[in-house]
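Here is what each chain is made of, one letter per residue.
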Amino acid sequence: MITLQTLRSNPEEVVSRLKKKHFDAKNLVDEILKLDVDRRQSQTALDQKLAESNKLSKEIGQLFSQGKKAEAEEKRSQSTALKEESKVLEEQMRKAEEQIQDMLVRVPNLPNDSVPEGRSPEENVVVRSGGDVPSLPENALPHWELAAKYDIIDFETGNKVTGAGFPFYKGKGAKLQRALISFLLDNAIAAGYTEYQPPLMVNAATGFGTGQLPDKDGQMYFVNEDGFYLIPTAEVPVTNIYRDVLLKEEDLPKKMCAYSQCFRREAGSYGKDVRGLNRLHQFDKVEIVRIEKPENSYAVLEEMVKHVESLVQKLELPYRIVKLCGGDMSFASALTYDFEVFCAAQKRWLEVSSVSNFESFQSNRMKLRFKDREGKTQLVHTLNGSALALPRIVATLLENNQTPEGIRMPAALRSYTGFDLIS
RNA sequence: GGAGAGGUGCCUGAGUGGCCGAAAGGGCCGGUUUGCUAAACCGUUGUACGCUGUAAAAGCGUACCGAGGGUUCGAAUCCCUCCCUCUCCGCCA
């Protein structure tokens, strides 16, 4: 969430910048500012009462020890009255605080100045592209048919055992998954990231920290008995490693990567979007996460984009990098680049990575701060990106590399798969 | 899952109703001493919010001793609920 200080010092700017996200913040901002005044008044009044009451209590203690019982009793009743008054003020303050918090979490992150105007994905801006789109014969198969033909992914049995969106990977299909995970992790490690294996379930405080809660709780699977959420991405547990932590400046930056399975309910999805591997309820992903000093975060974002770009290049996939327009960005992001690869039999671009700078939006929620060299405490900036999400990479590898002999593996993967052809 | 012990500041650890934002030791930072390092000595050392205030600062107040409630004029200390950690037993990959 954005900080109250930002909102307090530049309310008009907040409102105008949020227009780019097509979010009308005017009323919300006015309301918050009003409540903020109320809250401070209540606190000032309350603090005074408490100060008085603390003083009285001290005096009472002294009077008792001096045996001046009558005076003590007198002050005691004063103190009781004072306490009643404080209770009212405390309740006022608590209410205002709660309301401010409720409203503040509904304000999206401010988009960076460079974010393009626009309402829908069509208005995203292609930054650059690379790789070659293969020319496939007319009878080229979509990946779900290739998967069946070579018996490497079994959607039907997944349906039976669990439900739609939970496939089995089998034989070389399973090995390919494992190869990709190792390939991606090795690349991240080589780029200086520390590998983590995170918990796949998290508590509510963690879900709140990265912004999944309270808004998007319907997107996560929930384990009612224990109050845990299945993670939709490793970003959630990994970023929360540093929740409620005050770092030293020299501790920064933190570079972390993690492979995890990800679980998403994807309620409301349908049609060709969910065909085959295009959208699953459980999928594999390697995520990179950074915790950075504010002044570095945008340079780091570009560096992360370069890293992800190197991955799709090594996998020899036709790709393009798009900068999301205001209307297509997530609630929490200040700037997001999406990576899309061209899936040649389906003839569509599929998103395989999303790299974002959240600035202090998550760190404010998480109370993740650092003390700079002057001794000032500041919020860090957090960033993360998929590097990469597997299913659509697999789909594209299958479709684009199909030949009459079988499916050819890119050179970079062969040492991981141990085979260069699925046939 | 059962029985017991416990959660205090950067760390160790004392504190069973007022003199406790918290002893002591260590660490860190600053200073003195010093050819350098070490040692010794002295001092400093939390966070959040509010009020006053400044160029920066600073001062004052309030809250915080796992979390949330309660008792009391007054709670780290007493009571209740929850969470977590450790030990033993049970179960188990």
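Look up: the structure comes first, before these words.
Figured I'd write up the structure that's included with this text. (Residues numbered from 1 in each chain as written. Chains lettered and ligands numbered in written order. Predicted model: local features only at pLDDT ≥ 70, side-chain atom pairs only at ≥ 80, totals over all residues. Heavy atoms only, no water.)

The next point concerns unusual backbone geometry. Here the bond from Leu252 into Pro253 is cis, since omega is 0 degrees, no more than 30 degrees from zero. Tracing the backbone through its elements, the reader meets Pro253 in the loop between strand E8 (246-248) and strand E9 (254-263). Following Ala387, the chain continues to Leu388 via a peptide bond in cis, the omega torsion being 5 degrees. Its location among the elements puts Leu388 in strand E16 (residues 381-389). Positive phi outside glycine occurs at Asp151, with the angle close to 55 degrees. By the secondary structure assignment, Asp151 is in the loop between helix H5 (143-149) and strand E2 (153-154). Look at Asp151 and you get partly exposed, because its relative accessible area is 40%. (Helix = DSSP H or I, 4+ residues; strand = E, 2+ residues; numbered from the N terminus. Buried < 20%, exposed > 50% of the residue type's maximum accessible area, 1.4 Å probe, protein only.)

Roughly 1,600 Å³ of volume is contained in the largest pocket. Looking at the largest pocket, it is lined by 47 residues, and the ones nearest its centre are Arg264, Arg279, Asp338, Glu351 and Ser354. Those elements giving two or more residues to the lining of the largest pocket turn out to be strand E10 (282-292), strand E11 (319-323), strand E12 (335-343), strand E13 (348-359), E16 and helix H12 (390-400). No other element matches E13, which puts nine residues into the lining of the largest pocket. For the lining of the second largest pocket, the element with the most residues is helix H6 (residues 155-161), which contributes four residues. The residue makeup of the lining of the second largest pocket, split by class, is seven nonpolar, seven polar and four charged. (1 Å grid on protein atoms, 1.4 Å probe; cavity = no way out; pocket = protein on both sides within 12 Å on 5 of 7 lines; lining within 4 Å. Points joined across faces, edges and corners; volume = space filled by probe spheres on them. Nonpolar A, V, L, I, M, F, W, Y, C, P; charged D, E, K, R; others polar.)

Here the structure, examined in full by the defined rule, presents 23 salt bridges. With a shortest N-O distance of 3.0 Å, Lys293 and Glu249 are connected by a salt bridge. Here Lys293 is found in the loop between E10 and helix H10 (297-314), whereas its partner Glu249 is found in the loop between E8 and E9, with 44 residues between them in sequence. Note on accessibility: Lys293 and Glu249 belong to one class, buried. A salt bridge links Arg290 to Glu292, with the nearest nitrogen and oxygen atoms 3.0 Å apart. Grouping residues by exposure puts Arg290 and Glu292 together as buried. The network of salt bridges with common partners includes Arg8, Asp36, Arg39, Arg40 and Glu97. (Salt bridge = Lys/Arg side-chain N within 4 Å of Asp/Glu carboxyl O.)

Moving on, we come to the protein's contact with RNA strand B. Close contacts around RNA strand B come from 20 residues, with Arg39, Gln43, Ser57, Ser79 and Lys371 the closest. Counting only atoms of RNA strand B within 4 Å of the protein, the fraction found in sugar and phosphate groups is 70%. Within the backbone of Ser57, one N or O atom sits 2.8 Å away from a base nitrogen of RNA strand B. Residue assignment for the surface near RNA strand B shows that the elements contributing at least two residues are helix H3 (26-65), helix H4 (69-104) and strand E14 (369-371). No other element matches the 11 residues that H3 contributes to the surface near RNA strand B. Split by residue class, the surface near RNA strand B holds three nonpolar, eight polar and nine charged. (Near = heavy atom within 4 Å. Polar contact = N/O pair within 3.5 Å; in protein donor to acceptor, adjacent residues only side chain to side chain.)

The next thing to look at is the sheet that holds E14. The strand order E8-E14-E15 describes an open sheet built from three strands, whose pairing is mixed. In the strand order of this sheet, the two ends are held by E8 and strand E15 (377-379), each with one partner. Going across the sheet, the axis of each strand differs from the next one's by a mean of 35 degrees, ignoring polarity. When E14 meets E15, the two strands line up antiparallel, connected through three bridges. Each residue of the ladder has a partner; that of Arg369, found in E15, is Leu379. (Pairing = 2+ DSSP bridges. Axes fitted to C-alpha atoms, helices over the stretch in contact; angles between N-to-C directions.)

Taking 1.5 Å per residue, 36 residues should reach 52 Å; H4 reaches 50 Å between its end C-alpha atoms and fits that length. Within H4, the full set of buried residues consists of Ala72, Ser79, Leu82, Ser86, Leu89, Met93, Ala96, Ile100, Met103 and Leu104. As for H4, its buried residues are in contact with helix H1 (4-9) and H3. (Expected span 1.5 Å × (residues − 1). Contact = heavy atoms within 4.5 Å.)

A word on the sheet that holds strand E19 (residues 421-422). Across the sheet, which stays open at both edges, the three strands sit in the order E17-E18-E19 with antiparallel pairing between neighbours. Only two strands of the sheet have a single partner each, and these edge strands are strand E17 (402-403) and E19. As paired strands, strand E18 (residues 406-408) and E19 are joined by two bridges and run antiparallel to one another. Its bridge partner lying in E19, Ile407 is registered against Ile422.

Geometry only, nothing functional implied.
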